[in-house]
Amino acid sequence: MKIVNLLVMLFLIAATPAIAIASGETIALGPATISLDLENIGSYTIEKESVISMDHEEKDIRFQYEITPANIILDDTLGQIMLEVHQMSASEPMDEPISERDQSTGIEHCIQKSDMIHGSREMTMKEYEVDGHDGVLATIEIDSDDPLSALGLIESNDPLYVLGWCLDQKDGEGSVVCVIGSDLPWETTKEIFDSISSDLA
């Protein structure tokens, strides 16, 4: 009997790293891969969407702009995690105003233009380190008139947290920005944000 118990214990010890590895998820989106720990959100489904392409003009410079999105839909609870990778055909300022007219930095601009932000919303932004990169964390307050709240997709009293960072930033400029949004409680969201590992594909 003691031998059987010992074998069971050895099996559990050996299986533990596999369980930890299985809780991680790596998602390839356009020019980037994003890995994150989703162990505490239960079962989920990843839905990748079509790439959005557009022409963009800033400071009299015209360049191509592509957004590659994906959604992580939770199966057992209300809420979702949204991912976008923004790729520009030319490097743009990431930590300085993108123009005299628009005082947002490049990362802030990507957050504001993401499909996660619907209409004009009150938001606060602060610096937030993610995977060794200088990122920006936006907290967006949701009210009962919000279309997503009206559809029952989010709770009206839960903020939306959106985190952006540039993967290839050098000398203040870059062309690949990752954006992740979560309407889960901050404790769960922070665990996910702090688990992020990202790289160029």
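Residues numbered from 1 in each chain as written. Predicted model: local features only at pLDDT ≥ 70, side-chain atom pairs only at ≥ 80, totals over all residues. Heavy atoms only, no water.

A look at the overall build of the chain
Across its full length, the chain holds four helices and 11 strands. Sorting the 201 residues of the chain into buried and exposed places 43% on the buried side. Here the contacts in the chain between residues at least 6 apart in sequence split such that 54% fall between residues at least 24 apart. A total accessible area of about 11300 Å² is found for the chain, and carbon and sulfur atoms account for 51% of it. (Helix = DSSP H or I, 4+ residues; strand = E, 2+ residues; numbered from the N terminus. Buried < 20%, exposed > 50% of the residue type's maximum accessible area, 1.4 Å probe, protein only. Contact = heavy atoms within 4.5 Å. Areas by Shrake-Rupley, 256 points an atom, 1.4 Å probe, with all protein chains shown as cover.)

Observations concerning the packing of aromatic side chains
Within a pair of aromatic rings, the relevant descriptors are the distance that separates the centres and the angle that separates the planes. A complete count under the given rule lists three aromatic pairs for this structure. With a centroid separation of 6.3 Å and an interplanar angle of 85°, the aromatic rings of Y128 and W186 are classed as edge-to-face. Here the residue Y128 occupies a position in strand β7 (residues 123–130), and W186 occupies one in helix α4 (residues 186–194), the gap between them amounting to 58 residues. With a relative accessible area of 25%, W186 lands in the partly exposed category. Ring centres 4.9 Å apart and planes at 50° place the aromatic pair Y161 and W186 in the tilted group. Separated by 25 residues along the polypeptide, Y161 in strand β9 (residues 160–166) and W186 in helix α4 bring together distant segments of the chain. (Phe/Tyr/Trp six-rings, centres within 6.5 Å; stacked < 30°, edge-to-face > 60°.)

Here's the deal with the side chain of S198
Relative to the helices and strands, S198 resides in strand β11 (residues 197–200). Polar side-chain contacts of S198 include one of 3.0 Å to the side chain of W165. In this view, S198 contacts T33, I34, D131, H133, W165 and L167; residues no more than four positions away in its chain are not counted. (Polar contact = N/O pair within 3.5 Å; in protein donor to acceptor, adjacent residues only side chain to side chain.)

So, the nonpolar core
Formed by 27 residues in total, the largest nonpolar core has its most connected members in L36, L163, I180 and I196. At the level of elements, β1 (24–29), β2 (32–37), β5 (61–74), β6 (80–93), β7, β9, β10 (173–182) and α4 are the ones that each hand at least two residues to this core. The contact partners of I180, leaving out residues within four places of it in the chain, are L36, I81, M82, L83, M116, Y161, V162, L163, W165, I192, F193 and I196. In terms of nonpolar packing, the next biggest core, distinct from the first, is built from 20 residues, M82, M94, I111 and I140 among them. (Core = buried A, V, L, I, M, F, W, Y, C linked by side-chain atoms within 4.5 Å.)

Side note on the pattern of salt bridges
A full pass over the atoms with the stated rule returns one salt bridge. The residue D194 makes a salt bridge to K190 at a minimum N-O spacing of 2.6 Å. Of this pair, D194 and K190 both sit in helix α4, four residues apart, roughly one helical turn. (Salt bridge = Lys/Arg side-chain N within 4 Å of Asp/Glu carboxyl O.)

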